[in-house]
Amino acid sequence: MVGMNHPFTPVQISLVSIAFLLVGPSLGRAVAPVITNAASVEIYYDAGIPGDVQFGHRIVATGSPTTFEATGLPAEATLDRTTGWINGSRNHPGIYDVTVRATNADGAGTASVRLTIHPAATGVVSSQGAFRAGQNFTVTVRYNTPVTVTGVPSLTLAIGPLAAPEFKAAGYVSGSGSNELVFRYVVAGNDAAPDGVRLVPRAPAGGAICDASGLTVSPSLPMRHFDAGITIAAVVQPSSVAL
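Residues numbered from 1 in each chain as written. Predicted model: local features only at pLDDT ≥ 70, side-chain atom pairs only at ≥ 80, totals over all residues. Heavy atoms only, no water.

1. Concerning the confidence of the model for the chain
Then step 1. Scored by pLDDT, the chain has a mean of 85; 81% of the residues are at 70 or more.
Then step 2. Low pLDDT, under 50, characterises residues 15-27; the predicted model gives this stretch 1 contact beyond four residues in sequence or across chains. (pLDDT = per-residue confidence, 0-100. Contact = heavy atoms within 4.5 Å.)

Have a look at this one:
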């Protein structure tokens, strides 16, 4: 009957006590950090937005890390060793495999984070002056790294009144392998833009523009509304004369 009130035998009690002594000291003890956001990060640059040149990425880890480290960062990028924030410039396109490390009193955790900074257009210049039907003008887009063109991309021009322009394509003509791509537009007979030709702030469409790593350019141009300094005189139709 006594055994009914004590389900554990003396041998079992001893084994449980030994197990507790072995495990007990580790209960509640911190564990080494584990980095939880080691995914690839795609970074784009819109040079037309003030302040967009800077990017930020934070190393996130379990275990309440006290210090952080990172190797393989892009040029000009820095790490806050206390918070784990990486800050840098979007103006250094390329693929960067960064080794990050988070440390606490119980150890360290490491991981690899790929930062992919896409090339971007940083400026646009164009022909200047007044043009007529049959004449052509060019628009040149400058990039922050040499780029290669595949296919025949084009820029979109807004020609005509502000309220109701016609959208026309300026086709790529030269510059592949350099930092500058040239696009050309031939003025059509029905074009008229006495107040100026405008460029729609979108990356060239209809082809592919990539850097040496195969990264596509950021999908924007560095302006809100680009006034090219180009005007187009309307064709004056001769009046009919009754005979």
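Continuing now.
2. Quick notes on the packing of aromatic side chains
Then step 1. If you walk through the whole model with that rule in mind, you get 3 aromatic pairs.
Then step 2. Ring geometry for Phe131 and Phe137: centres 5.5 Å apart, planes at 55°, overall tilted. Comparing Phe131 with Phe137 shows no difference in burial state: the two are buried.
Then step 3. Ring geometry for Phe137 versus Tyr185: centroids 5.6 Å apart, planes at 50°, classification tilted. Taken together, the residues span a long stretch of sequence, with Phe137 in strand S10 (residues 136-159) and Tyr185 in strand S12 (residues 178-186) at a distance of 48 residues. Grouping residues by exposure puts Phe137 and Tyr185 together as buried.
Then step 4. Here the aromatic cluster, defined as three or more aromatic residues joined through ring pairs, consists of Phe131, Phe137 and Tyr185. (Phe/Tyr/Trp six-rings, centres within 6.5 Å; stacked < 30°, edge-to-face > 60°. Buried < 20%, exposed > 50% of the residue type's maximum accessible area, 1.4 Å probe, protein only. Helix = DSSP H or I, 4+ residues; strand = E, 2+ residues; numbered from the N terminus.)

3. Section: the nonpolar core
Then step 1. Counting residues in each nonpolar core, the largest one holds 26 residues, and the members touching the most others are Phe137, Tyr143, Leu155, Leu157, Leu181 and Val197.
Then step 2. Of all elements in the fold, only strand S8 (121-126), S10, strand S11 (166-174), S12 and strand S16 (230-232) reach the threshold of two or more residues within this core.
Then step 3. When residues in this core are grouped by element, the largest group, 9 residues, is from S10.
Then step 4. In contact with Leu155, not counting residues within four places along its chain, are Val139, Val141, Lys168, Ala169, Ala170, Phe183, Leu199, Arg202, Pro204 and Leu221.
Then step 5. Ile35, Ile59, Phe68 and Tyr96 belong to the second largest nonpolar core, which has 16 residues in total. (Core = buried A, V, L, I, M, F, W, Y, C linked by side-chain atoms within 4.5 Å.)

4. Re the pattern of salt bridges
Then step 1. Enumeration according to the criterion identifies 5 salt bridges in this entry.
Then step 2. Arg90 is paired through a salt bridge with Asp52; the nearest N and O atoms lie 3.9 Å apart. In this pair, Arg90 is assigned in the loop between strand S5 (85-89) and strand S6 (94-104) and Asp52 in the loop between strand S1 (41-43) and strand S2 (54-58), connecting sequence segments 38 residues apart.
Then step 3. Two residues, Glu69 and Arg101, come together in a salt bridge whose shortest N-O distance is 3.5 Å. Residue Glu69 is found in strand S3 (residues 67-71), and its partner Arg101 is found in strand S6; the two are separated by 32 residues along the sequence. (Salt bridge = Lys/Arg side-chain N within 4 Å of Asp/Glu carboxyl O.)

5. Describing the sheet that holds S2
Then step 1. Strand order in the open sheet made by the 3 strands is S2-S5-S4, with antiparallel pairing throughout. What marks the edges here is a single partner per strand, and that holds for S2 and strand S4 (78-79). (Pairing = 2+ DSSP bridges.)

6. A look at the environment of Asp106
Then step 1. Within the fold, Asp106 resides in the loop between S6 and strand S7 (107-117).
Then step 2. Judged by relative accessible area, which is 36%, Asp106 ranks as partly exposed.
Then step 3. With 41 residues separating them along the chain, Asp106 and Pro65 place their C-alpha atoms 9.6 Å apart.

7. Let's talk about the environment of Tyr143
Then step 1. Note on placement: Tyr143 falls in strand S10.
Then step 2. Residues Tyr143 and Leu221 lie 78 residues apart in sequence; the distance between their C-alpha atoms is 9.9 Å.
Then step 3. Residue contacts for Tyr143: discarding those within four places in its chain leaves Ala120, Ala121, Thr122, Asn179, Leu181, Pro204, Ile209 and Val217.

8. Some remarks on the side chain of Asp211
Then step 1. Topologically, Asp211 is positioned in the loop between strand S14 (205-210) and strand S15 (226-227).
Then step 2. In this structure, Asp211 is buried with no salt-bridge partner, the nearest side chain bearing the opposite charge being Arg114 at 12 Å.
Then step 3. Polar side-chain contacts of Asp211 include one of 2.9 Å to the backbone nitrogen of Leu215.
Then step 4. Apart from residues no more than four positions distant in its own chain, Asp211 is found in contact with Pro93, Pro119, Thr145, Pro146 and Val147. (Lys, Arg positive; Asp, Glu negative; His and termini not counted. Polar contact = N/O pair within 3.5 Å; in protein donor to acceptor, adjacent residues only side chain to side chain.)

9. Observations concerning the pairing of S3
Then step 1. Burial of S3 is one-sided: the residues Phe68 and Ala70 facing one way are buried, the residues Thr67, Glu69 and Thr71 facing the other way are not.
Then step 2. Pairing analysis gives 5 bridges linking S3 to S6, with the strands arranged antiparallel. Each residue of the ladder has a partner; that of Thr67, found in S6, is Thr103.

10. Remarks on the sheet that holds S6
Then step 1. If you walk across this open sheet you meet the 4 strands as S1-S7-S6-S3, and the pairing is mixed. Two strands bound the open sheet, and with one partner strand each, they are S1 and S3. The mean angle between the axes of side-by-side strands here comes to 25°, regardless of whether they run parallel or antiparallel.
Then step 2. As defined by bridge partners, S6 adjoins S7 across 11 bridges and the pair is classed as antiparallel. Residue Ala102 lies in a different strand from S7, and its bridge partner there is Gly109. (Axes fitted to C-alpha atoms, helices over the stretch in contact; angles between N-to-C directions.)

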